[in-house]
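Listed here are the chains, written in short residue letters.
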Amino acid sequence: MISLPSVRKGLKNLSLAGLTVTAVVSVAVAATAGFPFTEDFTADNLKDPATTADWDITAPGTLRLGFANELSGMSLTRSPLGDAGEATTYSRDIALGDVDGDGDVDAVVGNVGLNSTGAANQLYLNSGAALDQAPVALGTDSRRTRGIVMGDLDRDGDLDVVAGNFQQRNTFYLNDGAGNFSAGSDVATRSGGTWRVHLADVDGDSDLDIIESMSDDRNYLYVNLFIENGGSVSFAEGERITTENFTTRSLALGDIDNDGDTDFISGDQNSANHIYRWFDGSFRARGEVFANTNTTFAVSLADVNGDGWLDLVECNAGAATQIYFNQGAANPVFFNAPVALDD
């Protein structure tokens, strides 16, 4: 249970954590009413009437986000993507966005496959009522995709796709604006233990770069050379993000130190999580978020307490979900001791 002195301001700042790529995807899907899920729990007129989410005031000065009913007890229906029929492909990640410009949300699924040959990633177009269209292969390759993400790589106003592939080269697919994607191009020549890929304009040149989180390896940055190439997408060979070597399961991107650029937190399995600041053209290791060890699988940044600094929410296997409040420049590593969420 935590004390949240300014919930309204904190919720409004949630969108800052995702930076450029979140802004791109949000614009693309905003034409569909009710998606993405946005709700201000402090103002009745802004609450989404289709949900039962609320802020449960359990004690003076303390708040907890909860649901009136379990999801299984709500009036929900479900159906397989593509209206069933496709073979099991061991999907590892999914990205949502309006890839064909028709105002509804489509899906791209990253598949790792059953063996070392991998599998084709799949595109599910929305008919306007549901993601019930038979899937089509994304590109012409079959690889072991563990992470997939959407963003406008070539600045033409539509959503392209990057696939992070395990022990194989990562791939990007360019969209023609109608949901037709290119065959797929290698991001770079290297390959490794890719876990996820993330998009952000880290070098401030107005195109989206790729940050790759790795399993038992150094994380990598691939700089988009769209501007340098005069309007043609390609990426520089991956550059190691410091010499530190961890098993990174997730990244949270945001301006941790309020200096106007993109930093990130790595969610690391069986070690402390780590801070990386963008400074003078590269990421610099700042140290541990806190001197503890968790099996962290997801991290996210938002200004939870409304003080103007991004805080960290950490989700762990076998341990409590925790919040680390950003103490600002006064703290050498920015964050204080974690506070467990009461669930």
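Residues numbered from 1 in each chain as written. Predicted model: local features only at pLDDT ≥ 70, side-chain atom pairs only at ≥ 80, totals over all residues. Heavy atoms only, no water.

## Details of the nonpolar core
Side chains of a nonpolar character, in soluble globular proteins, are inclined to be buried together. Counting residues in hydrophobic clusters, the biggest one holds 16 residues, and the most contacted among them are L153, V162, I210 and F235. Elements with a contribution of two residues or more to this core: strand 11 (194–200), strand 12 (209–214) and strand 13 (220–222). Leaving out residues up to four positions away in the same chain, I210 has contacts with V162, V187, V197, H198, L199, Y220, L221, Y222 and F235. (Core = buried A, V, L, I, M, F, W, Y, C linked by side-chain atoms within 4.5 Å. Buried < 20%, exposed > 50% of the residue type's maximum accessible area, 1.4 Å probe, protein only. Helix = DSSP H or I, 4+ residues; strand = E, 2+ residues; numbered from the N terminus. Contact = heavy atoms within 4.5 Å.)

## A look at the packing of aromatic side chains
The relation between two aromatic rings is expressed through the spacing of the ring centres and the mutual angle of the planes. Overall, the coordinates contain four aromatic pairs when judged by the stated rule. Here the aromatic rings of F264 and F283 are separated by 5.0 Å at their centres, their planes lie at 75°, and the arrangement is edge-to-face. With F264 in strand 16 (residues 263–271) and F283 in strand 18 (residues 282–288), the pair connects residues that are 19 residues apart, well separated along the chain. Among the aromatic residues, ring-to-ring pairing joins F264, Y276, W278 and F283 into one connected group. Residue placement shows R146 over the ring face of F166; its charged tip is 3.8 Å from the ring centre. Against the face of W195 rests R249, its NZ or CZ located 3.7 Å from the ring centre. (Phe/Tyr/Trp six-rings, centres within 6.5 Å; stacked < 30°, edge-to-face > 60°. Lys NZ or Arg CZ within 6 Å of the ring centre and 35° of its normal.)

## Comments concerning the side chain of R190
When you line up the elements, R190 lands in the loop between strand 10 (185–186) and strand 11. Among the polar contacts listed, one links the side chain of R190 to the side chain of E212, at a separation of 3.0 Å. Here the side chain of R190 touches Y222 through a polar contact of 2.8 Å, side chain to side chain. (Polar contact = N/O pair within 3.5 Å; in protein donor to acceptor, adjacent residues only side chain to side chain.)

## Some words on the environment of A252
Tracing the backbone shows A252 in strand 15 (residues 248–254). Through-space distance from the C-alpha of A252 to that of S266 is 6.7 Å; in sequence the pair is 14 residues apart. Ignoring any residue separated from it by four or fewer positions in sequence, one finds A252 in contact with D263, F264, I265, V299, S300 and L301.

## Overview of the pairing of strand 17 (residues 274–279)
Bridge count for strand 16 against strand 17 is three bridges, and the pairing is antiparallel. In the sheet register, I265 faces strand 17, and the bridge partner there is I275. As consecutive antiparallel partners, strand 16 and strand 17 are separated by two residues. In this sheet, strand 18 lies alongside strand 17 in antiparallel orientation, the contact comprising six bridges. Paired with F279 across the two strands is S282, which belongs to strand 18. (Pairing = 2+ DSSP bridges.)

## Considering the sheet that holds strand 9 (residues 171–173)
Pairing within the open sheet is antiparallel, and its four strands lie in the order 7-8-9-10. Either end of the sheet is taken by a strand with one partner, and the two such strands are strand 7 (145–151) and strand 10. Pairing of strand 7 with strand 8 (residues 160–165), which is carried by six bridges, proceeds in the antiparallel orientation. Bridged to G147 within strand 8 is G164.

## A word on the side chain of H274
With respect to the helices, strands and loops of the structure, H274 is situated in strand 17. On the basis of relative accessible area, H274 is assigned to the buried category, the value being 4%. Here D268 takes part through its side chain, which lies 2.8 Å from a polar atom of the side chain of H274. Among the polar contacts made by the side chain of H274, one reaches the main-chain carbonyl oxygen of A272 at a distance of 2.9 Å. The residues contacting H274, other than those within four sequence positions of it, are E244, F246, F264, I265, S266, D268, G287, E288 and V289.

## A look at the pairing of strand 15
Across the seven residues that make up strand 15, a large majority, seven, are buried. Here strand 15 pairs with strand 16 via six bridges, running antiparallel. The residue of strand 16 that forms the bridge with S250 is G267.

## Quick look at the pattern of salt bridges
Within the structure shown, the criterion is met by six salt bridges. For R196, the salt bridge is made with D93, and the minimal N-O distance between the two is 3.7 Å. With R196 in strand 11 and D93 in strand 3 (residues 91–97), the pair connects residues that are 103 residues apart, well separated along the chain. For R143, the salt bridge is made with D141, and the minimal N-O distance between the two is 3.7 Å. For D141, a relative accessible area of 16% corresponds to the buried category. One connected set of salt bridges, linked through shared partners, spans D141, R143, R169 and D186. (Salt bridge = Lys/Arg side-chain N within 4 Å of Asp/Glu carboxyl O.)

## Observations regarding unusual backbone geometry
Working note: non-glycine residues mostly have negative phi, and peptide bonds are mostly trans. Residues other than glycine seldom take positive phi values, yet Q167 does so here, at roughly 55°. Take Q167: it is sitting in the loop between strand 8 and strand 9. A residue is classified by how much of its surface remains accessible, and Q167, at 42% relative accessible area, is partly exposed. Although it is not a glycine, S206 adopts a positive phi angle of roughly 80°. Its place among the elements puts S206 in the loop between strand 11 and strand 12. Relative accessible area serves as the criterion here: at 39%, S206 is assigned to the partly exposed category.

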